[in-house]
Amino acid sequence: MELSTGLGSLLLIIKILHKKSRILLFILLAMLALLAIALPSYVNHWRQSSTINTFESFQASPNLSFSKIIWKSDYLGDQLIEKIAFYIPIRMEGIEEKLYMQFDSGTQKTLLYGKTLNQLEKSTRFQENIQEKNGRRFASSVQLQMADNRFEASEIRIASTLGEDTLDTSFIVIGTMGFDAFVDRTLILDFKNDQLAITDQASSDLEFNLEKIRGASVNKFPLLIPAKIGTKKTKLFYDTGSSMFSIITSNKRLKKVNKHQTDTLCCISNWGRQLPVHKKLLDKEIQIGKQVFSHASIYGCEVLDMVNYVPSWYLYGMTGNRLFDQTIVVIDTKNNSFSLEY
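Remember, predicted model here, so these are calculated numbers, not experimental data.

Caption draft 1: The overall build of the chain, seen in detail. If you tally the helices and strands in the chain, you get three helices and 24 strands. Looking at the chain as a whole, 48% of its 342 residues qualify as buried. Residue pairs in contact within the chain that sit at least 24 positions apart in sequence constitute 69% of those at least 6 positions apart. In the structure as shown, the chain presents an accessible area of about 18,200 Å², 51% of it carried by carbon and sulfur atoms.

Here is the structure:
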């Protein structure tokens, strides 16, 4: 009798726990569903608010007007890295010297380098345009010319800590041209011929044999493109300022990639900070569109730690220009189209 009573009580407890576990499971599934809905909405809102058209006026050449892409190599530790960044020649109203800007789609807004401007102010009319607001310096009524295209902005921020105290007069880098340069326009990155163009023409009107990459989101900052790592589908930010990287992610995710040896390289510059980079060989293929890449390297850096807070299926990390070597990349932000010509 005692055994039967104890067994009945045990069965009752199991039944109650089973019912509670189903409730907990339902709550968990509901929370995951809400997360799946809320996360894209939050990211979309953040990207929308981060997308700013600095250049109120853009005067495009009637025909495509290309600027030459100038690649620079540099050392990462004791390793020479080819094509670590690229620059484009520009002209700026009020400055006679020939200037260059790094082209960086991973920078939200175009900015000028304060240290470099300090060296140029004494000999140019541009100093008349410089103002200070709330402890920051800005250049007002800025007019830039890139190839045969003209850009005008009411103001551009001057980053006082960036640039060079001693000018290399053969190659004066005046600033960084960012995502805002091609908001509501089309960016053509012709890595086959090392040239770049920005135009009002839609990608569908261009005379390229383009493959449109479905699932890309390029009408907001930053650029977000679909990719596969092995069999796993994910997304990557596309940052032209991170030229050397096939994929760069957080250090935490890098550790989980495989058991291969991790090499530590020193260092990359991130807006004045020097950050170590870690590297592994990737034993899975990377695929973007029809392009498949084998035996690529994957990198980790603390600057990508933010990806630890989002599911890897939604965002894995960032890619630079390494995967698009000898490819034409066409980014039509107005029509939200990301296309490749191989």
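Caption draft 2: Local environment of the packing of aromatic side chains. Counted by the stated rule, this structure contains 16 aromatic pairs. Between F58 and F151 the ring centres are 4.9 Å apart and the planes differ by 50°, which places this aromatic pair in the tilted class. Of this pair, F58 sits in strand β1 (residues 55-59) while F151 is found in strand β9 (residues 149-159), placing the two residues 93 residues apart along the sequence. Each of the two residues, F58 as well as F151, counts as buried. An aromatic cluster is built from W71, F86, F103, F179, F182, F191 and F221, whose rings are joined through pairwise contacts.

Caption draft 3: How the structure looks around the side chain of T319. Mapping T319 onto the fold places it in strand β22 (residues 317-319). Residue T319 is classed as buried on the basis of its relative accessible area of 0%. Apart from the residues within four sequence positions on either side, T319 is in contact with I225, L236, F237, Y238, D239, F245 and S246.

Caption draft 4: Here's a closer look at the nonpolar core. By size, the foremost hydrophobic cluster in this structure holds 63 residues, and its most contacted members are L112, L196, I198, Y238, I331 and F338. If you look at the next biggest cluster of nonpolar residues, it comprises 20 residues, including I81, I248, I268 and V307.

Caption draft 5: Seen up close, the pairing of strand β3 (residues 70-76). In terms of strand pairing, β3 meets strand β4 (residues 79-92) through six bridges, oriented antiparallel. For K72, the partnering residue across the bridge sits in β4 and is A85. With antiparallel pairing between neighbouring strands as the criterion, β3 and β4 make up a hairpin whose turn holds two residues, including G77 at a positive phi of roughly 70°.

Rules behind the numbers
- Residues numbered from 1 in each chain as written.
- Predicted model: local features only at pLDDT ≥ 70, side-chain atom pairs only at ≥ 80, totals over all residues.
- Heavy atoms only, no water.
- Helix = DSSP H or I, 4+ residues; strand = E, 2+ residues; numbered from the N terminus.
- Buried < 20%, exposed > 50% of the residue type's maximum accessible area, 1.4 Å probe, protein only.
- Contact = heavy atoms within 4.5 Å.
- Areas by Shrake-Rupley, 256 points an atom, 1.4 Å probe, with all protein chains shown as cover.
- Phe/Tyr/Trp six-rings, centres within 6.5 Å; stacked < 30°, edge-to-face > 60°.
- Core = buried A, V, L, I, M, F, W, Y, C linked by side-chain atoms within 4.5 Å.
- Pairing = 2+ DSSP bridges.

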